[in-house]
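# Overview (structure and organization)
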Amino acid sequence: MIDKTIDSFSEAVNDIRDGDTVMIGGFGSSGIPLELIEALRLHGARELVIVSNNAGVAEEGIASLLRDRLVRKIVCSFPRSAGSIWFERLWERGELELELLPQGTLSERIRAAGAGIGGFFTPTGYGTRLAEGKETRVIDGRGYVLEAPLPADFALLKADRADQWGNLVYDTAGRNFNPIMATAARTTVVEVGQIVPVGDLNPECVVTPGIFVNRVIARKENRHAAA
Amino acid sequence: MIDKTIDSFSEAVNDIRDGDTVMIGGFGSSGIPLELIEALRLHGARELVIVSNNAGVAEEGIASLLRDRLVRKIVCSFPRSAGSIWFERLWERGELELELLPQGTLSERIRAAGAGIGGFFTPTGYGTRLAEGKETRVIDGRGYVLEAPLPADFALLKADRADQWGNLVYDTAGRNFNPIMATAARTTVVEVGQIVPVGDLNPECVVTPGIFVNRVIARKENRHAAA
Amino acid sequence: MQRLEPEQIAQRVAADIPDGAYVNLGIGLPTMVANYVPDDREVIYHSENGILGVGPAPEPGTENPELINAGKQYVTLLPGGCYFDNAESFAMMRGGHLDIAVLGAFQVSARGDLANWATNNDKYPPAVGGAMDLAVGAKQVFVLMRHTTKDDQPKILEQCDYPLTGQAVVKRIYTDLAVIDVTDDGLRVRELYAGNSLEDVQALTGVRLLPPA
Amino acid sequence: MQRLEPEQIAQRVAADIPDGAYVNLGIGLPTMVANYVPDDREVIYHSENGILGVGPAPEPGTENPELINAGKQYVTLLPGGCYFDNAESFAMMRGGHLDIAVLGAFQVSARGDLANWATNNDKYPPAVGGAMDLAVGAKQVFVLMRHTTKDDQPKILEQCDYPLTGQAVVKRIYTDLAVIDVTDDGLRVRELYAGNSLEDVQALTGVRLLPPA
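Residues numbered from 1 in each chain as written. Chains lettered and ligands numbered in written order. Predicted model: local features only at pLDDT ≥ 70, side-chain atom pairs only at ≥ 80, totals over all residues. Heavy atoms only, no water.

## Some points on the overall build of chain A
Within chain A, the regular secondary structure consists of seven helices and eleven strands. Relative to a compact globule of 227 residues, whose C-alpha radius of gyration would be 17 Å, chain A shows 18 Å and is just as compact. Each principal axis of the C-alpha atoms in chain A carries an extent, and together these give about 55 × 40 × 30 Å. Out of the 227 residues in chain A, the part that is buried amounts to 64%. When contacts within chain A are restricted to residue pairs at least 6 apart in sequence, those whose partners lie at least 24 apart make up 74%. Accessible area for chain A stands at about 7,800 Å²; split by element, carbon and sulfur atoms hold 46% of it. (Helix = DSSP H or I, 4+ residues; strand = E, 2+ residues; numbered from the N terminus. Rg over C-alpha atoms; globule rule 2.2 N^0.38 Å. Buried < 20%, exposed > 50% of the residue type's maximum accessible area, 1.4 Å probe, protein only. Contact = heavy atoms within 4.5 Å. Areas by Shrake-Rupley, 256 points an atom, 1.4 Å probe, with all protein chains shown as cover.)

Structure representation (structure tokens):
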């Protein structure tokens with residue numbers, strides 16, 4: 001029987017190694033796998049490359065990884081937000097590499113990695129500083145930038161519910177980067193509110209098919225309800 | 001109030017012009033907008049370029065457009081099937097242009113058109129006859145073929161239900177090409193079993209957001225139930 | 001000279017949003033446009049994190065922490081709205097499916113170049129978000145901004161000197177002084193608010209303005 | 001010499017499908033592999049038109065005309081299965097998410113080139129479908145075919161002379177005579193069915209075979 005459920009957050013992330021590229025789902029405060037990030041922080045792998053839309057605020061989420069100096073580089077569209085103190089501090093000190101991407105280029109590069117696409121031409125960023133050093137091409141009179149796929153070793157994600165096959169559904173705008181990151185990592189680990197029996201999710205409404213998911217784990221406060 | 005419902009199949013297609021590129025949803029016998037195709041046949045626009053996975057069987061669907069000599073060219077992955085007599089007849093006589101594409105290249109080109117991508121590198125078809133004449137590139141040791149976006153003037157699609165905003169849900173494997181074709185045409189027209197009031201579709205389960213849809217029309221046999 | 005308050009510019013933009021339009025409102029001032037769209041128009045708002053049919057702020061106590069807009073504010077979903085992932089959201093934007101994007105700007109050039117994501121202060125940590133995708137993707141990009149900087153320097157210029165968000169992407173500029181169209185002939189004043197002369201507005205603009213057609 | 005019946009080759013392939021695998025079975029003979037996977041293994045079948053978790057044929061009278069597999073046969077969905085569109089289905093395939101694709105073949109070359117979509121008869125109307133995407137995308141491509149043509153010509157060759165589906169994509173070949181691995185050293189016999197000698201099989205093969213390791 002296929003059962004991708006695991007019980008221990010530390011076990012969920014314990015094969016992440018120094019130098020790995022780790023995608024982390026979320027947009028603003030929505031759809032962030034906070035317990036998986038905390039497990040990663042405690043796990044302590046260093047020199048990480050983090051791919052995420054934002055860089056965390058206050059001491060939370062990705063900010064806690066930055067604070068603990070676990071991150072070498074961040075690939076990101078909107079690292080600076082109200083309260084992104086750790087990003088700003090390390091960036092200003094030159095202690096953090098930043099690859100800044102337009103948000104749609106970030107998400108399309110992630111999708112391309114998951115979809116086996118070797119590269120794509122996007123009009124976004126053409127003629128701007130963010131296209132500097134990149135191959136460009138004029139196609140049918142319009143300028144485009146060539147962008148490469150962006151894969152990862154791990155994706156740490158949040159969904160609302162999963163079944164044992166790893167099928168996922170989300171809560172409203174909690175989808176954001178989670179469904180595409182699920183496709184782009186060698187190992188995809190998902191924190192959910194509840195794990196339901198196979199067959200309970202409506203097959204017309206599954207957002208992430210289980211083929212993209214390796215491990216699902218229920219959040220501690222929901223563990224009891226999920227049993 | 002936004003209401004994309006129309007009542008007349010002939011009106012649904014009456015602005016399709018000679019020479020237009022028309023995408024038609026479906027895979028095998030599933031998800032084909034048979035009533036819209038019949039309306040197009042009666043409308044009689046000629047020299048059409050049809051984009052579809054298959055080329056119709058017997059006298060049905062796309063085969064009826066071929067039989068009536070309304071089609072100049074077909075862009076397709078699997079035109080020959082058991083019973084695809086009109087495709088075979090016209091093709092053998094040299095009366096039909098064929099652009100044959102691997103199925104994943106067909107669907108990715110359609111998606112690219114809908115997503116504003118100017119072109120993409122796919123490994124599919126590299127080193128084969130279907131890549132002849134196309135730009136190729138070796139990326140990280142692997143061969144890729146550059147493919148262009150494939151847009152259309154019209155998309156004729158089938159879904160299970162729509163609301164007046166044009167949001168769509170499908171019936172099982174009836175999705176196939178329909179959701180991506182919806183994104184790639186200037187005008188997207190969808191034949192459905194039932195039109196439901198706005199708010200009736202579960203927002204977590206909408207497959208095609210209404211932004212991609214211009215017209216929805218209920219099939220005649222379902223019109224009464226839909227009222 | 002008549003200078004509109006920011007809310008009044010938002011109201012002026014709102015008057016030009018047609019019934020049935022799919023619209024993305026940038027973070028900050030552009031978000032206020034929604035407050036002024038007449039009630040008899042049904043407008044579908046897109047939020048780049050993955051929402052179509054964004055509704056008003058929730059009643060206090062009913063917020064869903066997952067349901068936020070691109071500005072990270074709690075929102076609701078209208079009946080008929082739906083959710084999707086970020087790649088599909090940006091496919092919508094980049095693929096030309098949004099009718100209008102209303103964006104703020106630092107500067108706009110004579111040919112409609114937009115600068116709204118970075119200044120020339122390289123010590124300031126950068127962020128770009130969805131600005132570049134909206135700039136190239138929306139069918140029409142409307143800019144909503146003050147006509148000048150706080151120290152009365154023009155923001156409408158022959159060339160932007162801030163880093164560009166996109167080249168030749170702006171269709172219309174709504175400022176506190178006037179409404180200006182970006183045309184093939186150059187920048188043409190579409191509307192002068194009551195009390196403003198073309199000369200007054202020209203004096204605060206860094207590029208030659210064409211009179212209303 | 002021992003020649004397996006097609007059903008027996010399918011059974012032999014089935015023995016190598018591990019528990020928990022995501023598998024795409026090509027149209028025709030490969031589809032039969034599902035009939036022989038041991039009951040204690042849970043295998044998730046993918047159909048390229050947009051299904052994961054394809055179940056058995058429906059009871060007569062319960063067919064849903066929309067629910068077909070890539071071979072246009074009526075199917076069912078297992079609990080835990082789901083549906084998606086064609087672009088996502090091929091993203092799955094091309095993106096390397098399927099563990100195994102089992103495909104038929106006209107010819108296979110010494111380095112694992114696959115020819116299974118067209119012959120050299122240009123008068124025959126072509127069709128390719130998902131074959132090229134599966135060939136390049138699946139983690140492992142297994143070929144299931146007769147060892148020779150009907151007139152006993154070899155189908156395993158130094159070079160394919162039919163048009164290629166993909167270059168160096170085949171991982172293992174299951175024929176009615178043997179199981180052969182495509183390795184960096186060349187084609188290595190993995191298994192000779194009882195009663196067949198390496199010499200017998202070699203005589204019906206167009207390229208030098210390495211003995212079992």
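## Observations concerning the nonpolar core
Met 23, Ile 110 and Leu 168 of chain A together with Leu 114, Val 170 and Ile 173 of chain D are the most contacted members of the largest nonpolar core, which has 78 residues in total. Apart from residues no more than four positions distant in its own chain, Met 23 of chain A is found in contact with Val 51, Ile 110, Leu 150, Pro 151, Ala 152, Phe 154, Ala 155, Leu 156, Met 181 and Ala 184 of chain A. Of all hydrophobic cores here, the second largest spans 77 residues; its members include Leu 150 and Ala 152 of chain B together with Leu 98 and Leu 177 of chain C. (Core = buried A, V, L, I, M, F, W, Y, C linked by side-chain atoms within 4.5 Å.)

## Remarks on the sheet that holds strand β7 (residues 114–115) of chain D
Residue and element names in this part refer to chain D. Taken in spatial order, the three strands make up an open sheet running β7-β6-β9, and their pairing is mixed. Since the sheet does not close on itself, it has two edges, and those belong to β7 and β9 (156–157), each with one partner. The pairing of strand β6 (residues 107–109) with β7 spans two bridges and is classified as antiparallel. Its bridge partner being in β7, Val 108 is matched across the sheet by Leu 114. (Pairing = 2+ DSSP bridges.)

## Observations concerning the side chain of Arg 109 of chain A
Within the secondary structure layout, Arg 109 of chain A lies in helix α5 (residues 103–114). Among residues more than four places away in sequence, those in contact with Arg 109 of chain A are Glu 99, Leu 101, Phe 120, Glu 147, Ala 148, Pro 149 and Leu 150 of chain A.

## Points about the state of the cysteines
Using the criterion set out here, one finds one disulfide over all chains in the structure. Two residues share a disulfide in this structure: Cys 205 of chain A and Cys 205 of chain B, whose sulfurs sit 2.2 Å from each other. Around the S-S axis, the bridge from Cys 205 of chain A to Cys 205 of chain B shows a dihedral of about 115 degrees and counts as right-handed. Taken together, the residues Cys 205 of chain A in the loop between β10 (185–196) and β11 (215–218) and Cys 205 of chain B in the loop between β10 (185–196) and β11 (215–218) connect one chain to another. What makes Cys 205 of chain B buried here is its relative accessible area of 13%. (Disulfide = S-S within 2.5 Å.)

## Here's the deal with the interface of chain A and chain C
With 44 residues of chain A at the interface, the matching set in chain C holds 37 residues. For the pair chain A and chain C, the two sides together bury roughly 3,400 Å², of which 59% comes from carbon and sulfur. Area buried by chain A at its contact with chain C is led by Phe 27, Arg 80 and Arg 129 of chain A, which between them contribute 18% of it. The tally of links between chain A and chain C comes to three salt bridges. Linking Arg 94 of chain C and Glu 108 of chain A is a salt bridge whose minimum nitrogen-to-oxygen distance equals 3.3 Å. Inspection of the chain A/chain C interface yields 17 residue pairs in polar contact (both at pLDDT 80 or more). Those elements giving two or more residues to the side of chain A that touches chain C turn out to be α4 (85–92), β4 (97–100), α5 and α6 (178–184) of chain A. For the side of chain A that touches chain C, the leading source of residues is α5 of chain A, giving six residues. (Buried area = accessible area lost by both parts, 1.4 Å probe. Salt bridge = Lys/Arg side-chain N within 4 Å of Asp/Glu carboxyl O. Polar contact = N/O pair within 3.5 Å; in protein donor to acceptor, adjacent residues only side chain to side chain.)

## Considering unusual backbone geometry
At Asp 140 of chain A, a position not held by glycine, the phi torsion is positive, near 50 degrees. Following the sequence through the fold, Asp 140 of chain A ends up in the loop between β6 (136–139) and β7 (142–147). For Lys 72 of chain D, which is not glycine, the phi dihedral falls at a positive 65 degrees. Tracing the sequence through the fold places Lys 72 of chain D in the loop between β3 (51–55) and β4 (76–83). Lys 72 of chain D sits in the partly exposed class, given a relative accessible area of 29%.

## Overview of empty space enclosed by the protein
Applying the stated criterion across every chain, the model contains four cavities of 30 Å³ or more. Taken as a whole, the largest cavity holds about 870 Å³ of empty space. Around the largest cavity, the lining is made up of 44 residues, and of these Val 207 of chain B, Asp 85 and Glu 88 of chain C together with Asp 85 and Glu 88 of chain D lie nearest the centre. Secondary-structure elements contributing two or more residues to the lining of the largest cavity are α5 and α6 of chain A, α5 (103–115) and α6 (178–184) of chain B, α2 (86–94) of chain C together with α2 (86–94) of chain D. Per-class residue counts for the lining of the largest cavity are 26 nonpolar, eight polar and ten charged. (1 Å grid on protein atoms, 1.4 Å probe; cavity = no way out; pocket = protein on both sides within 12 Å on 5 of 7 lines; lining within 4 Å. Points joined across faces, edges and corners; volume = space filled by probe spheres on them. Nonpolar A, V, L, I, M, F, W, Y, C, P; charged D, E, K, R; others polar.)

## Quick look at the interface of chain A and chain D
With 22 residues of chain A at the contact, the number on the chain D side is 21 residues. Together chain A and chain D conceal approximately 1,800 Å² of surface at their shared face, both sides included; 62% is due to carbon and sulfur atoms. For the pair chain A and chain D, the number of links is zero salt bridges. The tally of links from chain A across to chain D stands at eight residue pairs in polar contact (both at pLDDT 80 or more). Residues belonging to the side of chain A that touches chain D are distributed by class as follows: twelve nonpolar, six polar and four charged.

## Regarding the packing of α5 of chain A against α2 of chain C
Relative orientation of the contacting elements α5 of chain A and α2 of chain C amounts to 125 degrees, with a least axis distance of 9 Å. Between α5 of chain A and α2 of chain C, the crossing angle belongs to the class labelled oblique. Along this stretch, α5 of chain A crosses α2 of chain C, giving a crossing that reads as left-handed. Residue-level inspection shows Gln 103, Gly 104, Ser 107, Glu 108 and Arg 111 of chain A of α5 of chain A in contact with α2 of chain C, the latter providing Asn 86, Ala 87, Phe 90 and Arg 94 of chain C. For the contact of α5 of chain A with α2 of chain C, a count of residues per class yields two nonpolar, four polar and three charged. (Axes fitted to C-alpha atoms, helices over the stretch in contact; angles between N-to-C directions. Parallel < 35°, antiparallel > 145°, perpendicular 65-115°, else oblique. Left-handed = near helix turned anticlockwise from the far one by under 90°.)

## Here we look at the pairing of strand β5 (residues 119–122) of chain B
On a regular strand, one side chain projects to one face of the sheet and the next to the other, so that they alternate. Residues Gly 119 and Phe 121 of chain B of β5 of chain B are buried on one face, and the alternating residues Phe 120 and Thr 122 of chain B, pointing to the opposite face, are buried as well. With three bridges joining them, strand β5 (residues 119–122) of chain A and β5 of chain B adopt antiparallel strand pairing. Opposite Phe 120 of chain A, over in β5 of chain B, you have Phe 120 of chain B as the bridge partner. As judged from the three bridges shared by β5 of chain B and strand β7 (residues 142–147) of chain B, these two strands associate in the antiparallel manner. Paired with Phe 121 of chain B across the strands is Leu 146 of chain B, a residue of β7 of chain B.

## Examining the packing of aromatic side chains
Taken as a whole, this structure holds seven aromatic pairs over all chains when the rule is applied. A centroid spacing of 6.3 Å and a plane angle of 45 degrees characterise the contact between Phe 121 of chain A and Phe 121 of chain B, whose relative ring orientation is tilted. In this pair, Phe 121 of chain A sits in strand β5 while Phe 121 of chain B sits in strand β5, so the two residues belong to two different chains. Accessibility classification places Phe 121 of chain A together with Phe 121 of chain B in one group, the buried group. Of note, Arg 89 of chain B hangs over the ring of Trp 86 of chain B, and the distance from its end group to the ring centre comes to 4.5 Å. The ring of Phe 27 of chain B is capped by Lys 72 of chain D, whose NZ or CZ atom sits 4.7 Å from the centre of that ring. (Phe/Tyr/Trp six-rings, centres within 6.5 Å; stacked < 30°, edge-to-face > 60°. Lys NZ or Arg CZ within 6 Å of the ring centre and 35° of its normal.)

## Thoughts on the pattern of salt bridges
Where charged atoms from two side chains of opposite charge approach closely, those side chains can pair. Counted by the stated rule, this structure contains 61 salt bridges over all chains. Here Arg 111 of chain B makes a salt bridge to Glu 108 of chain A, at a shortest N to O gap of 2.7 Å. Of this pair, Arg 111 of chain B sits in helix α5 while Glu 108 of chain A sits in helix α5, each in a different chain. Several salt bridges share partner residues, and in doing so they unite Arg 12, Asp 16, Arg 172, Asp 181, Arg 190 and Glu 191 of chain C into one network.

## Topic: α4 of chain A
All names here are of chain A. Within α4, the full set of buried residues consists of Trp 86, Phe 87, Leu 90 and Trp 91. All buried residues of α4 project into a common sector of 125 degrees when viewed along the axis, lining one side. Looking at the buried residues of α4, the elements they touch are α3 (62–67) and β4. (Arc of directions from axis to C-beta.)

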